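This is what each chain is made of:
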Amino acid sequence: MKKSILHLINILQAKLIEFPELVNSLERKEASFLNKLFLWMKTIEDIMSTYSISETSEIAGLRSKIIAERFNENNGASKKKMTLKVASEILYDLQKTTLNVLKPYEIKTEESRELIRQLLLIISEMKVIFHDDNQPFESLVNTIWQFIFANDQLKAGGIKLKTNLPINDIRLLIAEEINLEDFQSTK
């Protein structure tokens, strides 16, 4: 089973939202800045590694620049200052790399969301699927998804969705975008 793209987006967005606090920590010259930065970087590496995203190596490479500075014996008393300098110099690249990984997934998901809205509008106008309040909501979502592939006019949209996202993500987007009023019986 494919890993959830929506989950990846959510966790990368959450980590990027934490990023300004890292910068603030550097600005305030907090002693814990490097530990916070390493933890943040390691978490990003783990996330990307879990999803087999090759940019994890770029994040590790940036982390290695800081580690290398720690081992530089030429620094003497200013070792900590030089390490902080290197850390501060890689912050933008770190944020940019993470954002560059996230953006294509966000775009693909937004395109899929828009396609789902269009498909739901078409299906609701066809008046062929109705929501029964006695049935679980998930049943309606599954019925809609099955109908998309059963209908020759909508099938191409379903195939496009399947190329962009795992099926569970598609079902979740359908659930998020559906307007139940459009699927109420007029009886």
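All values reported here derive from a predicted model rather than from experimental measurement.

Draft legend 1. Spotlight on a nonpolar patch on the surface. Taken together, the side chains of Ile122, Met126 and Val128 present a nonpolar region at the surface, about 220 Å² in accessible area. Within the secondary structure, Ile122 is located in helix H4 (residues 79-126). Overall, the relative accessible area of 38% leaves Ile122 in the partly exposed class.

Draft legend 2. Main features of the side chain of Glu45. Checked against the element boundaries, Glu45 lands in helix H2 (residues 33-50). Its relative accessible area of 6% is what places Glu45 among the buried residues. When neighbours within four sequence positions are excluded, Glu45 is seen to be in contact with Thr56, Ile59, Ala60 and Arg63.

Draft legend 3. Looking closely at helix H3 (residues 56-71). Here H3 spans 23 Å end to end across 16 residues, near enough to the 22 Å set by a 1.5 Å rise per residue. Of all the residues in H3, the buried ones are Thr56, Ile59, Leu62, Arg63, Ile66 and Glu69. For H3, the arc enclosing every buried residue in end-on projection is 150°, short of the 170-degree limit, so these residues lie on one face. Turned more than 90 degrees from where H3 packs its buried face, Ser57 and Phe71 sit exposed. Looking at the packing, one finds that the buried side of H3 touches H2 and H4.

About the cut-offs
- Numbering of residues starts from 1 in every chain and runs along the sequence as written.
- Selection of residues for local features in this predicted model requires a pLDDT of at least 70, selection of side-chain atom pairs for listing and counting requires 80 or more, and totals for whole chains, interfaces and linings are taken over all residues.
- Each side-chain value is worked out from all heavy atoms of the structure, with water and hydrogens disregarded.
- Residues forming no salt bridge and having over 30% relative accessible area are the ones grouped into patches, like charges within 9 Å of each other and nonpolar side chains (Val, Leu, Ile, Met, Phe, Trp, Tyr) within 5 Å.
- Here the accessible surface of atoms and residues is derived via Shrake-Rupley with a 1.4 Å probe, and residues count as covered only by protein chains that are part of the display.
- We define a salt bridge as a side-chain nitrogen of Lys or Arg found within 4 Å of a carboxyl oxygen belonging to Asp or Glu.
- For the purposes of this entry, the term helix denotes a DSSP run of H or I that reaches at least four residues, the term strand denotes a run of E that reaches at least two, and both are numbered from the N terminus.
- When a residue's accessible area, from a 1.4 Å probe over protein chains only, is under 20% of the maximum for its type it is buried; when over 50% it is exposed; and in between it is partly exposed.
- Should any heavy atoms of two residues lie within 4.5 Å, those residues are counted as being in contact.
- Expected helix span is given by 1.5 Å per residue-to-residue step, counting one fewer step than there are residues.
- This arc corresponds to the set of directions leading from the helix axis out to the C-beta atoms.

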